[in-house]
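# Remarks on the overall topology
Chain residues, written in single-letter form:
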Amino acid sequence: MNIGQYTFNTPIILAPMAGVTDRPFRNLCYQLGADLCVSEMVTSEKHLWDTRKTKLRLNHKGEQGIRSVQIAGTDPAKLAAAAQFNMHHGAQIIDINMGCPAKKVCNVLAGSALLKNETLVAEIISSVVNAVDVPVTLKIRTGWDQYNRNAVNIAKIAEQNGIQALSVHGRTRADAYQGEAEYETIAAVKSAVAIPVFANGDITDPKKAKAVLEATNADGLMIGRAAQGNPWIFNQIKHYLTENTLLSPPDNTEVCQLLTTHLQHLYDFYGEHAGVRIARKHIGWYLKNQFAKTGDDKDRQHSESFRRQVNQVDEASIQLELVSEFFNPNLDPANTRTHMAPATDPYNDINILGNHNKYSAQIFIRSTTQYPTPCKHDHLQDPDFNINC
Ligand SMILES: Cc1cc2nc3c(=O)[nH]c(=O)nc-3n(C[C@H](O)[C@H](O)[C@H](O)COP(=O)(O)O)c2cc1C
């Protein structure tokens, strides 16, 4: 299947998630097999483009895969301007958000609230498609509520107006995240249009992924929450789809290496102050995946008390050390910060060499001479967002 000039074979892609799919997380997922990672949404409200938050969302320096940027709003002209703005900042694909049920978005009739107004949907799509010369994709839910499941209509409108791929979350706007995602509507969408369709919603593991592909006949899958603290899921799904066997889950050492690298990317990207705080939720997700899910009460309590402890920490060096020791008590902390080969990424002096055959990334973490030295530079206030200290 193709999205514009980009060709994929049953792509497994990362869903846009505000507060999660920042550049460090997207890069991690790219390293671990994701075919496409959609950014956090960028508002179409121009006056907010100059805020710290949006500036970070516009930062694609060193992005290791196709740069797909999601835009959100309600006004066709503003969305077209936002699409152009993001294209000029490096977006290679523009994704329009008509799938988010969040109040902040829906109060201004954006996100999935737009599904109620098919005329406006058509206007928005054609306005954005005509404004840019990169492919435009669309993300929707199955409809407004259980009585108004109009995803098939919306898909046809999308196709007629130049959308090049469509992601469908198998819930209505009214469902929020309750109940289970359903795949019948996604199957109906897939058979109604010729553009590629991604199935999304509650795809938690490789077997579920295969079942959803079979149930919907979708061209690819979009994974959201199941990638949190578990970016290995992309290679795990791909392996299962091609080999029909399950890869063994990463052990604590692999998790430790990947997580500590992830944390360092967060400190680099956000600066130490914000980076440490943003890292806390990711640490919680890795803990949940590695320990809390085992069903063993001791594991759960142990990981919960560690989570509480690490959430008190404000310094990157201490956070990093605690995480290394918890996930890998046998690892000499000095070894978590060994010297590394020259950076491959011109924008980052952390070097991750992804091993695409399996899900383990070969990770080199930078030296103690660079960490734990806190960044003196406040990236969040730097208008140029020069991420290198
Ligand atoms: C924390 C969080 C943030 C999200 N932010 C967005 C967003 O910005 N844009 C969007 O279209 N969907 C957003 N979503 C919805 C996801 O893209 C996805 O459709 C949904 O989580 C269902 O997929 P899953 O079951 O694989 O998580 C978000 C979901 C979560 C959990």
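Residues numbered from 1 in each chain as written. Predicted model: local features only at pLDDT ≥ 70, side-chain atom pairs only at ≥ 80, totals over all residues.

Counting secondary structure elements, the protein contains 13 helices and 13 strands. With 389 residues in all, the protein has 48% of them scored as buried. Across the protein, every contact between residues at least 6 apart in sequence was considered, and the portion connecting residues at least 24 apart equals 69%. (Helix = DSSP H or I, 4+ residues; strand = E, 2+ residues; numbered from the N terminus. Buried ≥ 20, exposed ≤ 12 C-beta atoms within 10 Å, placed from the backbone. Contact = placed C-beta atoms within 7 Å.)

Turning our attention to helix 8 (residues 206-216). Listed in full, the buried residues belonging to helix 8 are Pro206, Ala209, Val212, Leu213 and Thr216. One side of helix 8 holds all its buried residues, which, seen down the axis, span an arc of 120°. Exposed side of helix 8, more than 90 degrees from the buried face: Lys207 and Glu214 are the residues found there. Buried residues along helix 8 sit in contact with helix 7 (184-192), strand 10 (197-200), strand 11 (220-223) and helix 9 (233-243). In the stretch just after helix 8, asparagine 217 is the one whose phi turns positive, near 65°. (Arc of directions from axis to C-beta.)

Looking now at the site of the ligand. Near the ligand lie 22 residues; those nearest to it are Ala15, Met17, Ala18, Gly224 and Arg225. Considering only residue class, the shell around the ligand consists of 10 nonpolar, eight polar and four charged. (Near = placed C-beta within 6 Å. Nonpolar A, V, L, I, M, F, W, Y, C, P; charged D, E, K, R; others polar.)

Leu166 and Leu221 are the most contacted members of the largest nonpolar core, which has 75 residues in total. In this structure, leucine 221 is in contact with Ile12, Phe198, Ala199, Ile203, Ala209, Val212 and Leu213, ignoring residues within four places of it in sequence. With 20 residues, the next largest nonpolar core counts Tyr270, Val276, Ile283 and Ala316 among its residues. (Core = buried A, V, L, I, M, F, W, Y, C linked by C-beta atoms within 7 Å.)

This brings us to the pairing of strand 6 (residues 67-72). For strand 6, the buried fraction is high: six of the six residues fall into the buried class. Side chains Arg67, Val69 and Ile71 project from strand 6 onto one buried face, and the interleaved Ser68, Gln70 and Ala72 project onto a second face that is buried too. Note that strand 4 (residues 36-38) and strand 6 share two bridges and pair parallel. When the sheet's bridge partners are listed, cysteine 37 is paired in strand 6 with arginine 67. (Pairing = 2+ DSSP bridges.)

With that settled, consider the pairing of strand 7 (residues 93-98). Counting buried positions over the six residues of strand 7 gives six, a clear majority of the element. Note: strand 6 against strand 7, four bridges, orientation parallel. In the sheet register, valine 69 faces strand 7, and the bridge partner there is isoleucine 94. For the crossover that starts at strand 6, traverses helix 3 (residues 76-88) and ends in the parallel strand 7, the hand is right-handed. Here strand 7 runs beside strand 8 (residues 136-143); their pairing, made up of five bridges, is parallel. When the sheet's bridge partners are listed, isoleucine 94 is paired in strand 8 with valine 136. (Right-handed = clockwise from strand over helix to strand, strands pointing away.)

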